[in-house]
2 protein chains.
Amino acid sequence: MRSTSPHEVVPATTPAASLVFTTVLSHGPLTRIEIARRTGLSSAAVTKAVRPLMQLGYLVEGADEGARPAVGRPANLVRVDAGRALFIGIKVTGDEIIAVLADLCCRIRVARHVRLAGREPGAVLPSVTALVHELLTEADGFGVQVRGLGIAVSGDVDRAAGVVRYSPFLEWRDVPLAGIVETATGLPVTVDNDVRALTVAEQWFGAGVGLSDFALVTVGAGIGCGLVVHGRVVSGAHGVAGEIGHLSIDPLGPPCHCGNNGCVEAIAADPAILREVRSATGLPVATVAEALELARTGDPRVREVYARAGEAIGRAIGSVVNLLGPERVVISGEGLAAYDLFAEGIRDAFAASAFGTAVQCDVTTRPLPFEEWARGAAATAIQSFIGSDTH
Amino acid sequence: MRSTSPHEVVPATTPAASLVFTTVLSHGPLTRIEIARRTGLSSAAVTKAVRPLMQLGYLVEGADEGARPAVGRPANLVRVDAGRALFIGIKVTGDEIIAVLADLCCRIRVARHVRLAGREPGAVLPSVTALVHELLTEADGFGVQVRGLGIAVSGDVDRAAGVVRYSPFLEWRDVPLAGIVETATGLPVTVDNDVRALTVAEQWFGAGVGLSDFALVTVGAGIGCGLVVHGRVVSGAHGVAGEIGHLSIDPLGPPCHCGNNGCVEAIAADPAILREVRSATGLPVATVAEALELARTGDPRVREVYARAGEAIGRAIGSVVNLLGPERVVISGEGLAAYDLFAEGIRDAFAASAFGTAVQCDVTTRPLPFEEWARGAAATAIQSFIGSDTH
DNA sequence: GTGATTCTTTTCCTCTGTCAATGAAAGAAT
DNA sequence: ATTCTTTCATTGACAGAGGAAAAGAATCAC
């Protein structure tokens, strides 16, 4: 683990303050009484926790007094001042960098992206630093300081150490990314796996708010999964977790780059779908958009490919639900553009493979604009800033 | 959730005391310094936490002064007085009840079992009560009070409510078992799912001690799995968790009673193995012992059946490891008698299906005497007595 | 015996969060 | 208009948990 960075520390000093702050952050404007109820603290403790956070400007009073009860002293709502702090989130992919400037409520203020020439650290890092400085200048325009930088990378990332252990896409091994970027930018840097980062964003600001157990499934170039169990993101003792893409669904299925056959990723990820569409139609389909176009025109062979992919995803979700029994599964990812084609397969295969009462698990979808990955990175930075893992 | 029972409360009153007690319970005799180091408390806090626990007799000083360093004041070891309290653990199966009397360290003092005539609650409950009273008499012989009763039942059990929601084996639905047995015996009763109970025993007193993430896989009449993530047993939002037995391994595999094809349980559980052995040999093999006998004589057809079963288990373990990345997987269950026949299949299939560094996960086995299920139930009672979920 | 070393306890002391009482802000009742 | 009722919020006293540092205790080395 890196030594604690010397940057200004979290706004919440005591456990109670941290609890209050994260509660308000996730559950929007609340009265103090309501905060006390949700956190289990006494109202006295809430008052004492809120005051310093208000003095620092992180919490503010007021607004949005909707339906108040007609009797008794009206309540004052407490909410987070989203504009009090800014964070930068960066997603590094094989061929481009997406960066966002997000506020304390993880709403995107500015988004940028640059294409990459090479993917070795020597080529990527200068682009990252340049992009950060660009966004820092933007932040000056808001008159607010940037308090943290989150970087999301696919692969095996050790967040605590700030090291990218192994990223197959980037072909990086043991790159101490956090340390490097910290010295280059002067910002506190959090590095995390991309799917986990997205999961954090969902847990704090999205469909996972208030849930102690849920799963996020991403569909696109790969098939990924982020897991929250007991209120915390699962990281895996050896850096592997949520590897839903390499659940083997069918021993006779197509070979996967991992060496097995019939992995979910070998059936339902973009490259697999393209391969199958080409083989089914004999057409030189090169992009997902073309495949989608064919399916939308009603080509039954192509629709069948998507149906099979949906079935594979549905069975994978069934496996996750059977193993962990989450309250909800959120399906997201670029592949969601084809959700209408997947939907039936997913639904049926999930219903068939879920065991007993596990079918009750809520399966929802959530669109994923491409900056969302970078937003996830920003969420990890916010999380580090607040300094609370448990939520 | 049931109202808090009026029985004598936990020995540990403060968080620190609870932490100290569970640490000593799981990690054997420790010096106070060592306790402080492991818990992160100050040595002053350890002293203060230990004293009242010693006065109550739950902790005692001494014994087992092995290799002490030659210099400085010798350390006093602190350990749990296992005999200070007794617990009863009961496992209810379809046709018999196994009961154990266990001490505070979950060591079995007495074991009993009775066969059941019927499996409806009206038939089972009197047998349970009778067995409990029998063991209470035994406990009198030790001159120690029984402080809790744990009951393990397969199926969907709501531990917090003390209700068996649905047990297919027993054909029970919404039986408020804890309440009933509590009034019948006067003991605080904890009811839990059998595999989870076994997992608790492993977490506190077995191969899971000190691990925050591990999995327990049971092989036998069914294929089960208990999961510990972030130091806590996973229960599942809808009562389903660890349902490894119904991961579908092969869409073309044998049909499973759950309605799918190629579930792990339909390949590797006892009934499936017997079915396959019969079909492979044409012999009227009726028991696991006979199948084992055939395999041990070297019949290649039978060995092949076991090999395929091992492969299915190995792939299921691979799925668990890919999803959760536990530090260790413990394989146990009555089916372990055939482990030599499974071993290669498990090992190879796990190694093949584990993704990347996940193969580093430690996979071990642990023999399972049949009272072990009841011991698991006793472990849940101990856990309730101590009143600490987090470990 | 004296000193060195290490474990353990004691003595303060800080600091967190609760309790219970008080204050504050509205509408309702008189 | 004034008082009452109701609910929200704050205050101040307080209990108690755990830490820091010093003192005490038990052993071996000399």
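It should be emphasised that the depicted structure is a prediction, and the values quoted were computed from it without experimental measurement.

This next bit is on the protein's contact with DNA strand D. Around DNA strand D, a shell composed of 24 residues is seen, among which Arg-51 and Asn-76 of chain A together with Ser-42, Lys-48 and Arg-73 of chain B lie nearest. Counting only the atoms of DNA strand D that lie within 4 Å of the protein, the sugar and phosphate share comes to 67%. The separation between a phosphate oxygen of DNA strand D and a polar side-chain atom of Thr-47 of chain A is 3.0 Å. Sorting the residues of the surface near DNA strand D by element identifies α2 (32–39) and α3 (43–55) of chain A together with α3 (43–55) of chain B as the ones contributing at least two each. The leading source of residues in the surface near DNA strand D is α3 of chain A, at five residues. When the residues that make up the surface near DNA strand D are grouped by side-chain class, the tally is ten nonpolar, eight polar and six charged.

A word on the relation of the copies chain B and chain A. Overlaying chain B on chain A yields an RMSD of 0.1 Å, the required transformation being a rotation through 180° with an accompanying axial translation of 0.0 Å. The relationship between the two copies is best expressed as a two-fold rotation axis. For chain B, the residue whose C-alpha comes nearest the rotation axis is Asp-250 of chain B, separated from it by 2.7 Å. Counting the interface residues of chain B, we find that 100% of their copies in chain A are interface residues as well, pointing to one common contact surface.

A separate point is the interface of chain B and chain A. Opposite the 41 residues of chain B that make contact, chain A presents 41 residues. Taken together, both faces of the contact between chain B and chain A bury some 3400 Å²; the carbon and sulfur share is 61%. Sorting the residues of chain B by area buried against chain A places His-230, His-238 and Leu-323 of chain B first, and these three jointly supply 22% of that buried surface. Here chain B is connected to chain A by zero salt bridges. For the pair chain B and chain A, the interface holds 16 residue pairs in polar contact (both at pLDDT 80 or more). Going through the elements one at a time, β13 (223–229), β14 (232–233), α10 (300–324) and α11 (339–353) of chain B are the ones with two or more residues in the side of chain B that touches chain A. If you tally residues by element for the side of chain B that touches chain A, the top one is α10 of chain B, at seven residues. Residues belonging to the side of chain B that touches chain A are distributed by class as follows: 22 nonpolar, 13 polar and six charged.

Turning next to the packing of aromatic side chains. Summed over the entire model, instances satisfying the criterion amount to ten aromatic pairs over all chains. Summarising the aromatic geometry, the rings of Phe-21 of chain A and Tyr-58 of chain A are spaced 6.3 Å apart at their centres and angled 85° between planes, so their arrangement reads as edge-to-face. Here Tyr-58 of chain A lies in the loop between α3 and β2 (59–61) and Phe-21 of chain A lies in helix α1 (residues 15–26), a separation of 37 residues in the sequence. Assigned by exposure class, Phe-21 of chain A and Tyr-58 of chain A land together as buried. For the ring pair Trp-204 of chain B and Phe-205 of chain B, a centre distance of 6.3 Å and an interplane angle of 50° mean the geometry is tilted. According to the relative accessible area criterion, Phe-205 of chain B is buried, its value standing at 16%. One Lys or Arg, Lys-91 of chain A, reaches over the ring of Trp-373 of chain A and ends 4.7 Å from the middle of that ring. Sitting above the plane of the Phe-142 of chain B ring, Arg-109 of chain B keeps its charged end 5.4 Å from the centroid.

To continue, consider empty space enclosed by the protein. Taken as a whole, this structure holds six cavities of 30 Å³ or more when the rule is applied. Taken as a whole, the largest cavity holds about 130 Å³ of empty space. Contributing to the lining of the largest cavity are 14 residues, with Leu-247 and Ser-248 of chain A together with Ile-249, Arg-315 and Ser-319 of chain B lying nearest its centre. At four residues, α10 of chain B tops the list of elements feeding residues into the lining of the largest cavity. Its residues placed into classes, the lining of the largest cavity shows four nonpolar, nine polar and one charged.

The next subject is the sheet that holds strand β1 (residues 30–31) of chain B. Residues and elements named next belong to chain B. Here three strands make up an open sheet; going across it, the order is β1-β3-β2 and the pairing antiparallel. Two strands lie at the open edges of the sheet, namely β1 and β2 (59–61), each paired on one side alone. Of the strand pairs in this sheet, β1 and strand β3 (residues 77–80) are connected by two bridges, and their pairing is antiparallel. Looking across to β3, one finds that Leu-30 is bridged to Val-78.

A few words on the protein's contact with DNA strand C. Surrounding DNA strand C, one finds 24 residues, the nearest of these being Ser-42, Lys-48 and Arg-73 of chain A together with Arg-51 and Asn-76 of chain B. Note that a phosphate oxygen of DNA strand C is positioned 3.3 Å from one of the backbone N or O atoms of Ala-16 of chain A. Arg-73 of chain B is positioned with one of its side-chain polar atoms (N or O) 2.9 Å from a base oxygen of DNA strand C. Among the elements of the structure, α3 of chain A together with α2 (32–39) and α3 of chain B are those that each provide at least two residues to the surface near DNA strand C.

The subject of this paragraph is the environment of Ala-272 of chain A. Among the structural elements, Ala-272 of chain A can be located in helix α8 (residues 270–281). Residue classification places Ala-272 of chain A among the buried positions, given a relative accessible area of 2%.

What links the strands of a sheet is backbone hydrogen bonding, and the strands pair in either a parallel or an antiparallel sense. Residues and elements named next belong to chain B. Reading across from one edge, β8-β9-β10 is the order of the three strands in this open sheet, with antiparallel pairing throughout. Every other strand in the sheet has two partners, leaving β8 (156–158) and β10 (172–175) as the edge strands with one partner each. Between one strand and the next, the sheet's axes are offset by a mean angle of 15°, whatever the strand orientation. In terms of strand pairing, strand β9 (residues 163–167) meets β10 through three bridges, oriented antiparallel. From the neighbouring strand, Ser-167 faces β10, where its bridge partner is Trp-172.

All names here are of chain A. Following both chains from N to C, one finds α8 and helix α9 (residues 288–296) inclined at 55°, their axes separated by 10 Å at the closest point. As far as their axial angle goes, α9 and α8 are oblique. Here α8 and α9 pass one another in a crossing that is left-handed. Contact residues: Asp-270, Leu-274 and Val-277 in α8; Val-288, Ala-291 and Leu-294 in α9. Looking at side-chain class alone, the contact of α8 with α9 contains five nonpolar, no polar and one charged residues.

Definitions and cut-offs
- Residues numbered from 1 in each chain as written.
- Chains lettered and ligands numbered in written order.
- Predicted model: local features only at pLDDT ≥ 70, side-chain atom pairs only at ≥ 80, totals over all residues.
- Heavy atoms only, no water.
- Near = heavy atom within 4 Å.
- Polar contact = N/O pair within 3.5 Å; in protein donor to acceptor, adjacent residues only side chain to side chain.
- Helix = DSSP H or I, 4+ residues; strand = E, 2+ residues; numbered from the N terminus.
- Nonpolar A, V, L, I, M, F, W, Y, C, P; charged D, E, K, R; others polar.
- Least-squares fit on C-alpha atoms with pLDDT ≥ 70 in both.
- Contact = heavy atoms within 4.5 Å.
- Buried area = accessible area lost by both parts, 1.4 Å probe.
- Salt bridge = Lys/Arg side-chain N within 4 Å of Asp/Glu carboxyl O.
- Phe/Tyr/Trp six-rings, centres within 6.5 Å; stacked < 30°, edge-to-face > 60°.
- Buried < 20%, exposed > 50% of the residue type's maximum accessible area, 1.4 Å probe, protein only.
- Lys NZ or Arg CZ within 6 Å of the ring centre and 35° of its normal.
- 1 Å grid on protein atoms, 1.4 Å probe; cavity = no way out; pocket = protein on both sides within 12 Å on 5 of 7 lines; lining within 4 Å.
- Points joined across faces, edges and corners; volume = space filled by probe spheres on them.
- Pairing = 2+ DSSP bridges.
- Axes fitted to C-alpha atoms, helices over the stretch in contact; angles between N-to-C directions.
- Parallel < 35°, antiparallel > 145°, perpendicular 65-115°, else oblique.
- Left-handed = near helix turned anticlockwise from the far one by under 90°.

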